[in-house]
Amino acid sequence: MDYEPAWAGAESDLDRFVRDLTLCLSVHRDRSPALVWPDGIDAVVAARHTDGPELTAALGALLGSEVTSSFITLAVGARSGRKTAGTDLVLLPVQGSCGGRVEPSAPGQGPAVLEKALELRLRVGEALYVPTGLVYSLDAVHTPCTLQVLAVHPPAW
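This write-up is about the structure you can find in this document. Just so it is clear, the structure is predicted and the values come from calculations on it, not from any experiment.

1. Remarks on the pattern of salt bridges
For step 1, the next point in the chain: Counted under the stated rule, the structure contains 9 salt bridges.
For step 2, the next point in the chain: Taking the shortest distance from any N to any O, the salt bridge between Arg 16 and Asp 39 comes out at 3.2 Å. Separated by 23 residues along the polypeptide, Arg 16 in helix α1 (residues 13–28) and Asp 39 in the loop between β1 (34–36) and α2 (41–46) bring together distant segments of the chain.
For step 3, the next point in the chain: Asp 88 is the partner of Arg 29 in a salt bridge, and the nearest nitrogen-oxygen pair spans 2.9 Å. Of this pair, Arg 29 sits in the loop between α1 and β1 while Asp 88 sits in strand β4 (residues 88–95), placing them 59 residues apart in sequence.
For step 4, the next point in the chain: Residue Asp 88 is classed as buried on the basis of its relative accessible area of 4%.
For step 5, the next point in the chain: What you see here is one network of salt bridges that share partners, running through Arg 82, Arg 101, Glu 103 and Glu 119.

Right, here's the structure in full:
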């Protein structure tokens, strides 16, 4: 599916979301984790029960990469455990909230600007970018939480 953004002045929520997320990734990709409050997040939250093919196609077209989508559901009190990002990830809470932690996989590895762990609370309306190779975990779930995970794969040349 090819993506064609709306003309200026008629930009949809999805267009604004993709634009803001692309700007964030263009600055932080391969450098550091980032938390962004993208405009147009309502379009993503409203479509939380789908895999978001329009979202993945639009984001992939602007980034020149394949983008896939999946979901993580966390029950009250759940913890995700430590996971190493095998590709660039964007974690989007679409329901509830949870704690998040991003850290280098080992001392001296990962982006130089990440000297120690980044701990934060992820809420609906926010997007957390986790670069390839960094370790992330999710915890402190006080209400059921669903996150959409966008995996940004490197282009295959």
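2. Topic: α1
For step 1, the next point in the chain: Here α1 is 16 residues long and its end C-alpha atoms lie 23 Å apart, about the 22 Å a rise of 1.5 Å per residue gives.
For step 2, the next point in the chain: Listed as buried for α1 are Leu 14, Asp 15, Phe 17, Val 18, Asp 20, Leu 21, Thr 22, Cys 24 and Leu 25.
For step 3, the next point in the chain: Packed against the buried residues of α1 are β1, α2, α3 (53–63), β4, β7 (127–130) and β9 (145–153).
For step 4, the next point in the chain: Backbone geometry just downstream of α1 places Asp 30 in the positive-phi region, at approximately 65°.

Conventions we followed
Residues numbered from 1 in each chain as written. Predicted model: local features only at pLDDT ≥ 70, side-chain atom pairs only at ≥ 80, totals over all residues. Heavy atoms only, no water. Salt bridge = Lys/Arg side-chain N within 4 Å of Asp/Glu carboxyl O. Helix = DSSP H or I, 4+ residues; strand = E, 2+ residues; numbered from the N terminus. Buried < 20%, exposed > 50% of the residue type's maximum accessible area, 1.4 Å probe, protein only. Expected span 1.5 Å × (residues − 1). Contact = heavy atoms within 4.5 Å.

Interpretation note: all reported values are geometric properties and have no functional meaning in isolation.
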